[in-house]
Amino acid sequence: TEWMLTTTGSIIVGTTSLTFTQMGAPARAFGEVSQQLNVSPTTITNTTSFFLVNLSGTALSGLESSFDSPVSGRLRYTGATTKTFAATAMLGAYAGVTAPSSLLFRLAKNGTTQSKSEQPLVSQNVAVAEHGGAQVLVSLATNDYLEVYVGNLTAIQNVTVVYFNLKTIEAQPDLAA
């Protein structure tokens, strides 16, 4: 565990004097995964469900501490302690054929979408990416993972997520309070 210095002092235990350093918060866990120039659409089979975003573009390595990315578009927590994280997905997407199209994005934990993360995005033009994002606070235990899902409310037509960035950082209370 990594610590940062905040104050120093001394303490007397019986007849022994000890010098100590009081430490602040440990370094927070974080992870990031990105994809660019994806041309593989996500198959949409109905207008009432969410579907895992299909990614096959250029994967960019992200910064990670207590996270890895064993599958394209997935962040897996590898830390030993269950913690709360602030997760954010930023993306550029479009729907083919019908424009405008009303899209919805959600972050998912272990394949279950988190309704509180749901964000709309309107695809105004076919093959022109519109940009949006989604956020959620989520508790992760060892090997829990985050992904992004998409739904199309307008029609049963595929959605292409061209640009994709999923990142998370451990939420930490204010230690000065």
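Note: the structure precedes this text.
Residues numbered from 1 in each chain as written. Predicted model: local features only at pLDDT ≥ 70, side-chain atom pairs only at ≥ 80, totals over all residues. Heavy atoms only, no water.

K.L.:
If you had to explain the pairing of strand β15 (residues 159-170) to someone new, which residues and values would you point to?
P.N.:
For a regular strand, side-chain orientation follows a simple rule: the groups alternate between the two sheet faces. Burial within β15 is extensive, with nine of its 12 residues counted as buried. Bridge count for strand β3 (residues 30-36) against β15 is six bridges, and the pairing is antiparallel. If you follow Gln-35 over to β15, its bridge partner there is Phe-164. Here 11 bridges tie strand β9 (residues 83-95) to β15, and the two strands are oriented antiparallel to one another. Note that in β15 the partner of Ala-86 across the bridge is Ile-169. (Buried < 20%, exposed > 50% of the residue type's maximum accessible area, 1.4 Å probe, protein only. Helix = DSSP H or I, 4+ residues; strand = E, 2+ residues; numbered from the N terminus. Pairing = 2+ DSSP bridges.)

K.L.:
An account of the pattern of salt bridges is requested, with residue identities and associated values reported.
P.N.:
Enumeration over the complete set of coordinates arrives at six salt bridges. The salt bridge partner of Arg-76 is Asp-68, with a shortest N-O separation of 2.5 Å. Among the salt bridges present, the one from Arg-106 reaches Glu-118, with a minimum N-O distance of 2.6 Å. Remark: Glu-118 occurs in the loop between β11 (112-113) and β12 (119-123) and Arg-106 occurs in strand β10 (residues 101-109); sequence separation between them is 12 residues. The class for Glu-118 is partly exposed, based on a relative accessible area of 29%. (Salt bridge = Lys/Arg side-chain N within 4 Å of Asp/Glu carboxyl O.)

K.L.:
An account of the environment of Asn-38 is needed here, citing residue identities and associated values.
P.N.:
Structurally, the position occupied by Asn-38 is in the loop between β3 and β4 (51-52). Distance in space between the C-alpha atoms of Asn-38 and Val-161 is 6.5 Å, their sequence separation being 123 residues. Of note is the side chain of Asn-38, whose polar atom sits 3.2 Å from the backbone oxygen of Ser-40. (Polar contact = N/O pair within 3.5 Å; in protein donor to acceptor, adjacent residues only side chain to side chain.)

K.L.:
Could you give me a rundown of the nonpolar core, with the residues and numbers involved?
P.N.:
Counting 30 residues, the largest nonpolar core has Phe-105, Leu-107, Val-148 and Leu-166 as its most contacted members. Mapped onto this core, the elements with two or more residues apiece are β8 (75-77), β9, β10, β13 (130-140), β14 (145-152) and β15. When residues of this core are assigned to their parent elements, the largest contribution, six residues, is made by β9. Setting aside residues no more than four positions away along its own chain, Leu-166 makes contact with Gly-31, Glu-32, Val-33, Gly-73, Leu-75, Thr-88, Ala-89, Leu-107, Leu-146, Glu-147 and Val-148. (Core = buried A, V, L, I, M, F, W, Y, C linked by side-chain atoms within 4.5 Å. Contact = heavy atoms within 4.5 Å.)

K.L.:
Give me the lowdown on the packing of aromatic side chains, citing residues and values where you can.
P.N.:
As enumerated under the stated definition, the model contains three aromatic pairs in all. Residues Phe-67 and Tyr-77 carry aromatic rings whose centres are separated by 5.4 Å and whose planes lie at 50 degrees to one another, so their mutual orientation is tilted. Linking Phe-67 in strand β7 (residues 67-68) with Tyr-77 in strand β8, this pair joins segments that are 10 residues apart in sequence. For Tyr-77, a relative accessible area of 1% gives the class buried. Judged by centre distance (5.2 Å) and plane angle (85 degrees), the rings of Phe-67 and Phe-85 are edge-to-face. Highlighted residues: Phe-67 in strand β7 and Phe-85 in strand β9, separated in sequence by 18 residues. A network of ring pairs unites the aromatic residues Phe-67, Tyr-77 and Phe-85 as a single cluster. (Phe/Tyr/Trp six-rings, centres within 6.5 Å; stacked < 30°, edge-to-face > 60°.)

K.L.:
Before we move on, can you summarise a nonpolar patch on the surface with the specific residues and values?
P.N.:
Nonpolar side chains collect at one region of the surface, where Phe-30, Leu-63 and Ile-169 lie side by side and expose about 260 Å² of accessible area between them. You can see Ile-169 is positioned in strand β15. (Patch = residues over 30% accessible without salt bridge, like charges linked within 9 Å, V, L, I, M, F, W, Y side chains within 5 Å. Areas by Shrake-Rupley, 256 points an atom, 1.4 Å probe, with all protein chains shown as cover.)

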